[in-house]
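Survey of secondary and tertiary structure
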There are 2 protein chains.
Amino acid sequence: MRNFKNLNMTEAYSISELSQEFDITPRTIRFYEEKGLLFPGRKGRTRVFSASDRVRLKLILRGKKIGFSLDESRDIIEMYEPETDNTRQLENLLLKIQEKRLLLEQRKKEINTMLKDIKKTESICLSALDDQ
Amino acid sequence: MRNFKNLNMTEAYSISELSQEFDITPRTIRFYEEKGLLFPGRKGRTRVFSASDRVRLKLILRGKKIGFSLDESRDIIEMYEPETDNTRQLENLLLKIQEKRLLLEQRKKEINTMLKDIKKTESICLSALDDQ
DNA sequence: TATTACGTTTACGTTAACGTAAAGATATTA
DNA sequence: TAATATCTTTACGTTAACGTAAACGTAATA
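Note that the coordinates shown come from a computational prediction; the quantities given were computed from them, not determined experimentally.

**Notes on the relation of the copies chain A and chain B**
Expressed as a screw transformation, the operator carrying chain A onto chain B has a rotation angle of 180 degrees and an axial translation of 0.0 Å, and the superposed copies differ by an RMSD of 0.1 Å. Both chain copies can therefore be described as sitting about a two-fold axis. The C-alpha atom lying nearest the rotation axis in chain A is that of A:Gly67; the distance is 1.7 Å. Looking at chain A, 100% of its interface residues are interface residues in chain B too, so the copies touch through the same face.

The following block contains the structure:
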């Protein structure tokens, strides 16, 4: 009765639930906590992960796929959760955001360049096969 | 008289020329050779890099920026330089190409998702600043 | 001729991101 | 009650991608 469409209604997850869902080892998750990327609560000694931990984990793994280090991912994730409403801080946040946006757009361009090149090779390859 | 628009007309480059152009250390370049990513010739003991080495280096660094390992980059680079015209090999090459294309397109999607998220945060941030 | 610049090889060091193993707590099941 | 499953902490091991240092060769320059 705790699960609904594979989604925990209590919004609490065990380490094994998360590791299975994202196909990573518990060790990896503990490591992310150690590095200050996740903040599970405790029930006794065992970790209890919240929905926000789950989102964070998703963002970390997404960042990894496109070549972000854990530190870079933490930077980005922290932008999603501004802790203050002070103008000065907001402005700093905005700067950070714009910086990361540039970074992302740059990487997108690199990917597009590689895609163009690869498609060229592909078509050369295809026509070479046609000629046989 | 050897240079023309910062481009070596002899198509031969020293290790320091390349390391300066791409802002990496000579050690890095030697490491890439050691790992089978570059194949400089020798004049005596000193390495002589060709135009194709230079292109390869550029591709390696581009790959790094979007999170490819050196092994992955080598895979991709080798696709640019098919060594055979055998049909069977060409078909294999084509499969590899398509696989890498999927990988690239996937990463592009991840980036687009992150960009969307980041823009959302940005506009929240901006309107919060407006309200002050 | 001595220094400087640039190259070489060899080899050990470093950091990030985990893997792996040991030793134990706790809770459910046979 | 014994076994099994799942969790914990502690700690050493591993791989990729270089950094860094030593010790040396060679060629141009002061």
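**Side note on the packing of helix 1 (residues 15–22) of chain A against helix 3 (residues 51–65) of chain A**
All names here are of chain A. It is at 12 Å that the axes of helix 1 and helix 3 come closest, and there the two elements cross at 35 degrees. Once helix 1 is placed against helix 3, the crossing between them reads as right-handed. On helix 3, the residues touching Leu 18, Glu 21 and Phe 22 of helix 1 are Arg 54, Leu 57, Lys 58 and Leu 61.

**A look at the packing of aromatic side chains**
All names here are of chain A. Taken as a whole, this structure holds two aromatic pairs over all chains when the rule is applied. Ring plane angle 55 degrees and centroid distance 6.3 Å describe the contact between Phe 31 and Tyr 32, whose orientation is recorded as tilted. Judged by its relative accessible area of 29%, Phe 31 is partly exposed. For Tyr 32, a relative accessible area of 4% puts it in the buried group.

Cut-offs applied
- Residues numbered from 1 in each chain as written.
- Chains lettered and ligands numbered in written order.
- Predicted model: local features only at pLDDT ≥ 70, side-chain atom pairs only at ≥ 80, totals over all residues.
- Heavy atoms only, no water.
- Least-squares fit on C-alpha atoms with pLDDT ≥ 70 in both.
- Contact = heavy atoms within 4.5 Å.
- Axes fitted to C-alpha atoms, helices over the stretch in contact; angles between N-to-C directions.
- Helix = DSSP H or I, 4+ residues; strand = E, 2+ residues; numbered from the N terminus.
- Left-handed = near helix turned anticlockwise from the far one by under 90°.
- Phe/Tyr/Trp six-rings, centres within 6.5 Å; stacked < 30°, edge-to-face > 60°.
- Buried < 20%, exposed > 50% of the residue type's maximum accessible area, 1.4 Å probe, protein only.

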